[in-house]
Amino acid sequence: EAIIEVKNLKKVYKKRKTKESLIAVDDISFSVNRGEILGLLGPNGAGKSTMIKMICGLLIPDDGSIIVNGINTQKKRLDALRHISAVLEGNRNLYWRLSVKENLEYFAGNRGLSSKDIAEQIEGLLTKFNLKDKENELVNRLSRGMQQKLAIAVAMLADSEIILLDEPTLGLDIETSYEVRELLKSIAKGYNRTIIISSHDMDVIQAICNRTIVINYGKVVANDNVENLLRLF
Ligand code: ADP
Ligand code: ADP
């Protein structure tokens, strides 16, 4: 059963000065089943971020539609967005002047849980993400890898069925990159969410995803499970 249906999606960027236009996403269609871990693989500039920003409502498509849980995101934007949380480049979803724990408390507090349940959930996440000894550190003092882990933890807290991650391991050192990859793998297995991960790194996609859509120059060039894709390359 499809939880996300992307149909004939298109996004064009126009340069203000020259009026030149660039087709970043060019007639892309695919669907994602409930519980699936989908990879969006493609080189820098392929259109992955643009795609993800359209699905999570940060960019309005020029053409086509995105259906989330049967809801057309352009017609009922808020209803659709309630099902999605996203971890984007720059981790703008975090409060930089709050501590790790305060960020988690803030986002957990939006959900009407008892304070006991909130405390338990936050303890669980701090342990799982290996952030316990940084719980009182301000976000702007954390390393990039720690910030990335916190951003993922915050996305988990939102309890939405769909999690989008744009280049979750980009710019991390090898060790942290591996740690984030393993975390995502265990989240994907254990939490029964639908996850879309974009990356230019085949290894990251291969380690985590069931199925992969390869995009280049804004078009889908392959859509298959990872084993079959590896035979192509
Ligand atoms: P990816 O995430 O795969 O690296 P992007 O979606 O970021 O690809 O970019 C796709 C293309 O659109 C690239 O050529 C990029 O330079 C261009 N692009 C992205 N954002 C903008 C923007 N705000 N204005 C103009 N061009 C953009
Ligand atoms: P990412 O690939 O991670 O999405 P972006 O492509 O969005 O990063 O680039 C970061 C910023 O630069 C964005 O604010 C985007 O709007 C802008 N940008 C990217 N490519 C271009 C471009 N070719 N022309 C103008 N702005 C761009």
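Parameters at a glance
- Residues numbered from 1 in each chain as written.
- Chains lettered and ligands numbered in written order.
- Predicted model: local features only at pLDDT ≥ 70, side-chain atom pairs only at ≥ 80, totals over all residues.
- Heavy atoms only, no water.
- Helix = DSSP H or I, 4+ residues; strand = E, 2+ residues; numbered from the N terminus.
- Expected span 1.5 Å × (residues − 1).
- Buried < 20%, exposed > 50% of the residue type's maximum accessible area, 1.4 Å probe, protein only.
- Contact = heavy atoms within 4.5 Å.
- Near = heavy atom within 4 Å.
- Polar contact = N/O pair within 3.5 Å; in protein donor to acceptor, adjacent residues only side chain to side chain.
- Areas by Shrake-Rupley, 256 points an atom, 1.4 Å probe, with all protein chains shown as cover.

## Some details on unusual backbone geometry
Here is step 1 of the chain: Despite not being glycine, lysine 19 has its phi angle at roughly 65°, a positive value.
Here is step 2 of the chain: Tracing the backbone through its elements, the reader meets lysine 19 in the loop between strand 1 (2-14) and strand 2 (21-33).
Here is step 3 of the chain: The phi dihedral of asparagine 69 falls on the positive side, at around 55°, and the residue is not glycine.
Here is step 4 of the chain: Note that asparagine 69 resides in the loop between strand 4 (63-68) and strand 5 (71-72).

## Concerning helix 5 (residues 144-157)
Here is step 1 of the chain: Along its 14 residues, helix 5 runs 20 Å from first to last C-alpha, staying within 8% of the 20 Å computed at 1.5 Å per residue.
Here is step 2 of the chain: In terms of burial, helix 5 is a largely internal element, twelve of the 14 residues being buried.
Here is step 3 of the chain: The set of residues buried in helix 5 consists of Gly145, Gln147, Gln148, Lys149, Leu150, Ala151, Ile152, Ala153, Val154, Ala155, Met156 and Leu157.
Here is step 4 of the chain: The secondary structure elements touched by the buried residues of helix 5 are strand 6 (84-87), helix 3 (100-109), helix 4 (115-128), strand 7 (162-166) and helix 6 (174-190).
Here is step 5 of the chain: Two residues or fewer past helix 5, aspartate 159 is found with a positive phi of approximately 65°.

## Thoughts on the site of ligand 2
Here is step 1 of the chain: Taken together, Ser49, Lys53 and Glu89 are the residues near ligand 2.
Here is step 2 of the chain: Within the side chain of serine 49, an N or O atom sits 2.7 Å from an oxygen atom of ligand 2.
Here is step 3 of the chain: Within the side chain of lysine 53, a nitrogen or oxygen atom sits 2.8 Å from an oxygen atom of ligand 2.
Here is step 4 of the chain: For ligand 2, the accessible surface in isolation is 530 Å², of which the surrounding protein chains cover 26%.

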